[in-house]
Every structure is written in structure tokens, then in C-alpha cells.
Amino acid sequence: MLTAVLSGFILALVAPFLHRLARGFTGWLIALLPLGLFIYFAGFLDPISRGLVFTEYQMWVPSLGVNLSFLLDGLSLMMVLIITGVGALIFIYAGGYLHGDPNEGRFYSFLLIFMAAMVGLVLADNLLTLFVFWELTSISSYLLIGYKHSYADSRAAALQALFVTGTGGLVMLAGFILMGIAGGTLEISALVGQSEAIRESGFYVAILLLVGIGALTKSAQFPFHFWLPGAMTAPTPVSAYLHSATMVKAGVYLLARLTPVLSHTDEWRLIFTTVGLVTLLIGGFLSLRQTDLKRILAYSTVSSLGMLVALLGWNTKIAIEAAMLFLLVHSLYKGGLFMVAGTIDHETGTRNIHELGGLLRVMPLVALGALLAGLSMSGIPPFLGFISKEVVYEATLAYTSEDWQLGTLEGIFTLVEMIGNIIFVTVACLLFFVPFLGQQKETPRHPHRPPVSLWLGPVILGIISIILALLTELPALPDIASVYLIGPAAGVVYGEPILLSLHLIPPAVVPMLLLSIATVAGGIGLYFALPRVRRLIDALDIGERYGPERLFAQMVVGLPVFSRSVTLLTQSGYLRNYVAIIVGTLVTLGGYTFFSRVALPVLGTIDVYFYEVVLAVVILVALALIVRSSSLFFMIVALGVIGYSIALLFILYGAPDLAMTQFSIETLSVVLFVLVLYRLPNLAQLSSSRARLRDALIACSAGGLVTLLVLTITSRPLLSKLNQFFSAASYAEAHGRNIVNVILVDFRGIDTLGEITVLAIAAIGVYALLKLRTDDTIGDDTESYEDMVAVEAHAEKEKESKS
Amino acid sequence: MSSLILSAATRLLLPLMLLFSLFILIRGHNEPGGGFIGGLVASASMALYAIAYDVQRARESLHINTITLIALGLLLALGSGLLPLFSGLPFLTVLWLADPVPVLGEISTAFTFDVGVYLVVVGVTLTIIFTMAEEEEN
């Protein structure tokens, strides 16, 4: 299983190179990987339907309890099959959709990373492993939404999605850690046995809220739903794959996965049912007022996700079955509809429903795909969508309870479900009737017959939906949906095996069937009344103007303003001030600690050699010249003299590595200084004598303190064992006699890795500051130069800290 | 700035200094030296070249973008750290080749890591110097 997860990441690395070779066939070629994975995992259907589970375990960070442990059971199997199956079609589709795009190779990489992360997410058995994959899906989603990064709205939408899902992910991590503390393990399969302990641990409500926020942000539930419609700026293959069929289901998946651990309480039912139903309604209403095909679909996806969350919140056996079935059905039809919308956009150049019409003749096969998906969405036989809607209604109607409170809730639930389903029917009508029927309209691009890759996906998904539905009624053939997919998945969520038998043909005229008929009729009615309903919704204007999106926008604007005010408070922009503050702090705190804790050193006789005196004199003379000089150039050369003298001292005291570094750094600093110097104005005014006195005080106290420290340290025997350790271990363990270098590349190699990374970032920073600036103001602005010198000084310091 | 003496001397010095930087890099494990110092020496030699001629020529004689150099160095260092993972050893464990290689001596991932450091240092220093010098020339 680990190989299955990693294969996507590995292919992602080579995808751009593959694209250079395969050109127009890359999509088909890459689709072979998800297809292969699909076939591989489909092989597990039979054993898993007989109740087996497969696990794989690999140590990762044992000290933190993080393991690469994977679990394949009914739930993860169904998810993996959706991810890889839809994935294969999406890659084929993307090949047609992005044909000729200059960054196509990169796109495949991102999409493969996402697929691998998503497979890892649903297979992970360890909470922290799941979290890592979870964040990887957020990041790849960010990259994919911002794929057209030259558009500002694309970047903004990407950032918004990352903010919302990323923050949710962090909150969720806190919940996971609490769950680990309460349950004593991070393995989900082991936590199932600890559900009693977790519920009584006192952390329960906190866990529920924290993990809940993670799941609700990812699955775009109210009040976090707004990022999903924004994410529609992504290329359509991404919307079809991430933002309808798979990634947004991750939150639903997490709730399903944790149902055996956390559910069966009033809090669970209250939170998730309420949030789910509210989202179902809001998403539905907002979908009606949209005119952009993709935004209509996005809001109706929000609505469907709300239905899933509400069903899982309701938490009865049938509700769980309904949730699993609807999850599958929704992935099948919504993925298809998104692909249809993308094809229309690709061929005509517009997604606005008012500009579309009569495309049936131009693209009959796309229309067929839209029809199949739309019928499944409307819940019309013989599609799986019909069965799913029956089961959803059954979930709230099956137990007419005596308790009037519960009865009322069931009534409300059923009513909301019905409103949601009616809107689904309307949306399905909208998506089929408007673009495909009627008069063909003038569009920005003249539509052509789309290539195979652009209609294959929706048609295959639609046919699967029919086949799965028909198989429930054919006794001679295996009932794949009930026995192999939904049954095992629902069994995992419910906590005990479920023997499921779905039926396309209702056994009798049950209330569900009547509700279904009423739903379809209502939906068609609503479709014809749509213009009036739209005006009504616009008048009410719920959600968008005063909703959470506005709050988010204000936050995005407010945060930089706030951070700027804080920055202005603490950052003067003058290098001398920073130096004064740093040195002043060092002297004050260091001096206080020194004088309060350490006795002054007793000075013995010190042997002074002639050459030491010479070097000291050279340094002092250079120093005096710097202080007296008024020429910057002269100062820099004199500083170089001091640097070289210090390097000589290093040689005299047996630190050749340090000396060599010092020599090179000194040379390069002088070069850098000289380069900067040309642009600096001559010193217009010299500091006043008061300022000089202050600077002298700071400098002398710093120098004095360091001298005192050195004298104290050298006046007593060295207690550190480091020296001995490294002398002994350097050759024995690291096969090197140069201790300094062995420490750098071996014993503390990870520090070095960090430091060279910092160096690289500093260099890119300098490059960006100088090359990529848009306003040409640096030339006459001395302050910016100070910044530049600060960056450079930082880089220098990094280098020096190495030795 | 064009000085015949400087440019002639640089032509002779550059290969020597670059060779010397490699020498420092290779001997680093046992004698004073290493990727860091070696990288600085190499940067100094290229800086000299840029001063003697101009940045454009220095860039051309490098044949590779300085930022690419940084990326290569980081990749090499990271790769050296990742390699032991395949043998089930912790990240950054040093692996040694069984037999010494002529000239280079005993080869280990510590050495390749050091080469990575060398490349990053050269890339970083030259990126900064070249960028600033180009700013100067404009």
C-alpha cells in the first residue's frame, strides 16, 4: 500500500519530463497510473466484502508515536476507488482541456501530488500521518487553484482556500493530539476501542469541536463554505476532481472514519446535523442565483456536502448507509457535470448560462454525458441517484418515533432534505436544458466538436451509475453497489458489519417513493419559476453581502494593516539603531548576569609575545583611523585591515579553518562594500559629539564585557567535555581528522543543511530586491540601501557563524 | 574599470584559484578546509574575474546561472542526506564507499554533502555580488 501511495509522488517528479516526450498523449499516458491503482485496489473488493481488513505498518517517527500505518477496509476502499477511478478519467480529460498550455507538465505534477496525497489520506490509520496527507491535499489544492497565477483573482482564491483549509487543518491537529492523549494512541483502529474513554475524558467536547472545524472547513460547510465557489478559478479538471469528487469529501470521510470513535452523543448529532442542514439550505439557495455554470455547480456541491454531513450527524444505521451511497453517487454525477461545464467553456469560451444554447447538435456526446449526470442528480430511475434519494428519505422516515421532540426534528430534517433535492433537480434541468436545447447562440468562440478526451469522462461516469443501479435488480449478477461498496463502507462507519440490499424497484408504494415523485415535480416547477425566484433571492441577498466571505475579506485587508502598524512601532529601518539595541541588550543582560553571578577573574601573569603586540597595535591604529575618518571608502579598507589582523590572530592561536574563512569573508565583504559604496552619497553630516559619546559608550561597554568574559573563561579550567568527545569521535566514528569539518558535515549536518538553506533564501532575497522591484526608487533613497546592507550583513553573519 | 595588468593576471590566477578551491574542498575532511572555505575561495576568484573584466563575461564563463547553482547545491546536500534512508538508516547518516577513489580519496556522503555546501556558497556569494555589480553597471 505504501508503494501505491508513493507511486503518485514519484510520477509527479517525472511528469513534466514525460510531457516533453509524450506531448498530446501525456494525459492518456498518466491516466494509466490511476487506472492501474484502480484495478489493483478493485482486487480487494471481494476479500473486504467478506469482512477482512488489510493493514500495513512502517515506523516513521516512533518517538512521537507517528507511524506510516495504512488500513484498507470498506470505507477506505470505496474512497480509493473513487479517487483513482475518477482520477484516471480526469487525467484523460485534462489532456484535452489543457492541450497546448505552456505549463501543462507542471499541472500534471500538481494533480498527481494531489492524487497521491488523497490516497494516502484515506488509507492512513495514524492520525498524524492522516494530518500530513491532509495538509498535502490543501497545498496541492492551493497550487492547482492558483495554476493561472498571472491572474490576480486566481491567486486570491488560491490563498483564500489555503487560509481556510490550512487553518482548519491546524485546529484539527490540536484535536488529534487531544484525542491521542485521551485515547492513549494515535492509531485510528485502536482508538475505536477507546471511544468510551475518550467520551468520558473531559476533552470530548473540545476534541469534537476541534476535529469538527477541520472537517467542516475542508468540506466547505457553513460558515466556511465560501472558499469553494472561489476555488472555481481553477482549471475545470481541478474543479471536477478536487472540488467536487474527492478533496472536499475529505472532511466527510474524516467524520465517517471517526464516527465509531466520537459519535453516539447528543453533541455530535446537534453540531453536525445542524451545520449540515444549514449548509444544505444555503448552498442550495445560492446555487439558484448563479449564472456561471461552474459556480452553480460549486454551490450545489456545497449543498450536497451539507447533506452528507447532516446524514453522518444523524448517525442512525440507515442515515450512514444513505451517506455512503450519496457520497458515491455525488462523486459520479458531479464530477461528470463539472467536466461537461469545462468542455462547454473550452469550446465556446463562456460559462454564462445566458450566453449559451443549442449545443446539442454541436456536441451530442457531451450532451449525453450531461443528460446521464443530470438524471442521476435528479434522482430518476434507472440511475444510482434514484436509489440514493430513496435511502436518504428513508433515513429520516424509517423510524417514526413516539418522542415528539425527535419526531419534530425528523420532520425538519425531511423537509430540508426535500428542499435540497428539489433544488438539485432544478440545477440539473438548468445545466441540461439551457446550454444544450433551444436556439444556438453567438458565443465568444465558435464551438467545434470536442475530442474524445473531453466527453469520455462524463459518459463513462453516467454509464457506471446506470450499471450499478441495474445490478441491484439482476439476481444472476453480483450486486456491486450493495455488497462490495456501500455495505462494507457503511459497516465500518456503523461499527458492525451491515448486510445491505439496495433496490432500484421499490417493494411497494412507500412514502419515500411519493416524496421522490413530489421532489421531481417540485424541481421542474421551480425550474420554470426560476427567474422570479432569482429576483426574490437577490432581494433577500443572503450569504454573499453580509456573510463570512466579507469577514474574511476584511481580515485579509486588516491583517497587513495591523502588521504594518506593529512593524512601524518596532522597526526604524536604520541599521545603527538595530545594532545599538542588539548590543545594548547583550551588554545589559549579559553584564547583569555576569556581575551578579560570577566572581571577577584573578589575573595571573600573562606572557605577551612580540607579534601579538604588533597585531594589537595594527588593529588599534586602524580603529582610530576609522573613527577619525570621514571617507566611507577609507573606513572600509581600514575595516578590512582589522579583519585580516584578526584572521592572523586565528592562525597564531591554531585555528586555521577559522582563519581561512575569515580571510575569504573579509575579501568578499570588501568587494561587496565597494560595490554598494558607489551608490551611497557622501556623508552629508557627521554625527554630533553627543551621538559619538553615546556610540563610544555602547562600543566600549560591549568590548569591555566580552574581554571580561574571555578572561574569566580562560582563567579557569575548561569543564566542557565537547572538546574531548569530538577529538575522540571525529576519526573513530566519522573517519575525518578535521574536527571542524566533521562537525559541519557529519555530527551536526542537519544544522549545516538548515544554514545553507538560509543562505540560499538570503541570496534569493537580495536578487529579488534588486532585480524584481517594480518602482525605481532605490537610487535616491538611502534607507532602502540600509535595508540592502542589512540583508547582506545577515548573509555575512550566517557565513561567519559557520566557522 | 579596465586594467591590462589586472586582466592579464586574472587570466592566469583564475584557474589556479579555482583549482585551489577544489583542493581545499577535497582535503577538508582531514586537513583544514572544506566546502565552506572552498566555496568562498572559488567565489573570490570569480569576483576577481568580474572586477577585471565585467559581470557579463564572468556570468558567461560560469556557463550556469548562479541561482541554478544554489538549487543544485541544495539538492545535492539534501540528496546526500536522503540516500541513507533507502538503507533504513536515519536521515543524514554518512555512508562510505568501500574502496578509495584515486585523487579524491575515500568517498562518502559527507563529501557529496560538502560539495553541496560548496555549490551553495559559490551560488549565494556570486548571486549577491553579480546582482549588485550589475546594478552598479546600469
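Quick caveat, the model's predicted, so the values are computed rather than measured.

Engineer: For this particular structure, what's the right way to read the overall build of chain A?
Structural biologist: Across its full length, chain A holds 33 helices and 2 strands. Referenced to the eigenvectors of the C-alpha coordinate spread, the extents of chain A come out at roughly 110 × 60 × 55 Å. Counting only residues that meet the buried cut, chain A has 45% of its 803 residues in that class. Considering only contacts in chain A between residues 6 or more positions apart, those separated by 24 or more positions represent 78%.

Engineer: How should I be thinking about the overall build of chain B in this particular structure?
Structural biologist: Looking only at helices and strands, chain B has 5 helices and 0 strands in total. Going from the N terminus to the C terminus, chain B shows its helices and strands as α-α-α-α-α. Dimensions of chain B, computed from C-alpha atoms along their principal axes, come out at roughly 55 × 30 × 20 Å. Residues counted as buried form 46% of the 138 residues belonging to chain B.

Engineer: Would you mind showing me how to read the packing of helix H13 (residues 249-262) of chain A against helix H15 (residues 293-314) of chain A here?
Structural biologist: Pairs of packed helices are described in terms of their axes, by the angle between the two and the distance that separates them. All names here are of chain A. Packing of H13 against H15 brings their axes to within 10 Å, and their N-to-C directions diverge by 10°. With respect to H15, the axis of H13 lies roughly parallel. Residue-level inspection shows Val-252, Leu-255, Ala-256 and Thr-259 of H13 in contact with H15, the latter providing Leu-305, Leu-308, Val-309 and Leu-312. A per-class count over the contact of H13 with H15 returns 7 nonpolar, 1 polar and no charged.

Engineer: Would you take a moment to explain the interface of chain A and chain B for this structure?
Structural biologist: How big an interface is tends to be stated in terms of the accessible area lost upon association of its parts. In this assembly, 40 residues from chain A lie in contact with 40 residues from chain B. The element best represented in the side of chain A that touches chain B is helix H32 (residues 749-771) of chain A, accounting for 14 residues. For the side of chain A that touches chain B, a count of residues per class yields 24 nonpolar, 10 polar and 6 charged.

Engineer: Would you explain the nonpolar core in this entry?
Structural biologist: When a protein is soluble and globular, its nonpolar side chains tend to lie buried together. By size, the foremost hydrophobic cluster in this structure holds 201 residues, and its most contacted members are Leu311(A) and Ala323(A). Per-element accounting of this core gives the leading share, 19 residues, to helix H16 (residues 317-348) of chain A. If we ignore the near neighbours within four places in the chain, the residues touching Ala323(A) are Ala256(A), Leu308(A), Leu311(A) and Leu312(A). Grouped together as the second largest cluster of nonpolar side chains are 63 residues, Ile70(B), Leu74(B), Phe113(B) and Ala133(B) included.

Engineer: I would appreciate a short explanation of the pairing of strand E1 (residues 54-61) of chain A in the present structure.
Structural biologist: Regular strands place side chains that alternate from one sheet face to the opposite one. All names here are of chain A. One ladder, built from 7 bridges, connects E1 with strand E2 (residues 66-72); its direction is antiparallel. Pairing of Met-59 across the sheet is with Asn-67, part of E2. Where E1 folds back onto E2 in an antiparallel hairpin, the turn is made up of 4 residues, including Gly-65, whose phi is positive at roughly 75°.

Engineer: Would you take a moment to explain unusual backbone geometry for this structure?
Structural biologist: With glycine set apart, most residues show a phi of negative sign, and most peptide bonds adopt trans. A cis amide bond, omega 0°, links Phe222(A) with the succeeding residue Pro223(A). Here Pro223(A) lies in the loop between helix H10 (204-218) and helix H11 (227-230). Along the chain, Pro381(A) connects to Pro382(A) via a cis peptide bond; the corresponding omega equals 5°. Positive phi, normally seen in glycine, also occurs at His264(A), with a value near 65°. Structurally, His264(A) can be placed in the loop between H13 and helix H14 (266-289). In this structure His264(A) comes out as partly exposed when scored by C-beta crowding, with 13 C-beta atoms within 10 Å. Within the chain, Leu92(B) stands out as a residue other than glycine whose phi angle is a positive 70°.

Engineer: Hey, could you run me through the environment of Asp114(B) in this one?
Structural biologist: Residue position: Asp114(B) is located in helix H5 (residues 109-137). We classify Asp114(B) as buried; it has 30 C-beta atoms within 10 Å. The sequence separation of Asp114(B) and Gly38(B) amounts to 76 residues, and the corresponding C-alpha distance is 9.7 Å. Apart from residues lying up to four places away in sequence, Asp114(B) is in contact with Val745(A), Leu25(B), Gly28(B), Gly34(B) and Gly35(B).

Engineer: It is not clear to me how the packing of H32(A) against helix H4 (residues 66-82) of chain B should be interpreted in this structure. Could you clarify?
Structural biologist: The contact between H32(A) and H4(B) brings their axes to 11 Å, and the two run at 165°. Compared by their axis directions, H32(A) and H4(B) come out roughly antiparallel. Along this stretch, H32(A) crosses H4(B), giving a crossing that reads as left-handed. In this structure, H32(A) contributes Gly749(A), Leu753(A), Ile756(A), Thr757(A), Ala760(A), Ala763(A) and Tyr767(A) to the contact, and H4(B) contributes Ile67(B), Ile70(B), Gly73(B), Leu74(B), Ala77(B), Leu78(B) and Gly81(B). Its residues assigned to classes, the contact of H32(A) with H4(B) shows 10 nonpolar, 4 polar and no charged.

Engineer: It is not clear to me how the environment of Thr259(A) should be interpreted in this structure. Could you clarify?
Structural biologist: All names here are of chain A. For Thr-259, the position within the fold is in helix H13. The class for Thr-259 is buried, based on 24 C-beta atoms found within 10 Å. Separated by 54 residues in sequence, Thr-259 and Gly-313 have C-alpha atoms that sit 8.9 Å apart. Residues in contact with Thr-259, not counting those within four places in the same chain, are Leu-312, Asn-315 and Val-493.

Engineer: Is there a simple way to explain the confidence of the model for chain A in this structure?
Structural biologist: Low pLDDT means the predicted atomic positions in that stretch should not be read closely. With 94% of its residues at a pLDDT of at least 70, chain A reaches an overall mean of 86. Long-range and interchain partners of residues 777-786 of chain A, a stretch whose pLDDT sits below 50, account for 10 contacts in this model, where long-range means more than four residues apart.

Cut-off values and rules
- Residues numbered from 1 in each chain as written.
- Chains lettered and ligands numbered in written order.
- Predicted model: local features only at pLDDT ≥ 70, side-chain atom pairs only at ≥ 80, totals over all residues.
- Helix = DSSP H or I, 4+ residues; strand = E, 2+ residues; numbered from the N terminus.
- Buried ≥ 20, exposed ≤ 12 C-beta atoms within 10 Å, placed from the backbone.
- Contact = placed C-beta atoms within 7 Å.
- Axes fitted to C-alpha atoms, helices over the stretch in contact; angles between N-to-C directions.
- Parallel < 35°, antiparallel > 145°, perpendicular 65-115°, else oblique.
- Nonpolar A, V, L, I, M, F, W, Y, C, P; charged D, E, K, R; others polar.
- Core = buried A, V, L, I, M, F, W, Y, C linked by C-beta atoms within 7 Å.
- Pairing = 2+ DSSP bridges.
- Left-handed = near helix turned anticlockwise from the far one by under 90°.
- pLDDT = per-residue confidence, 0-100.

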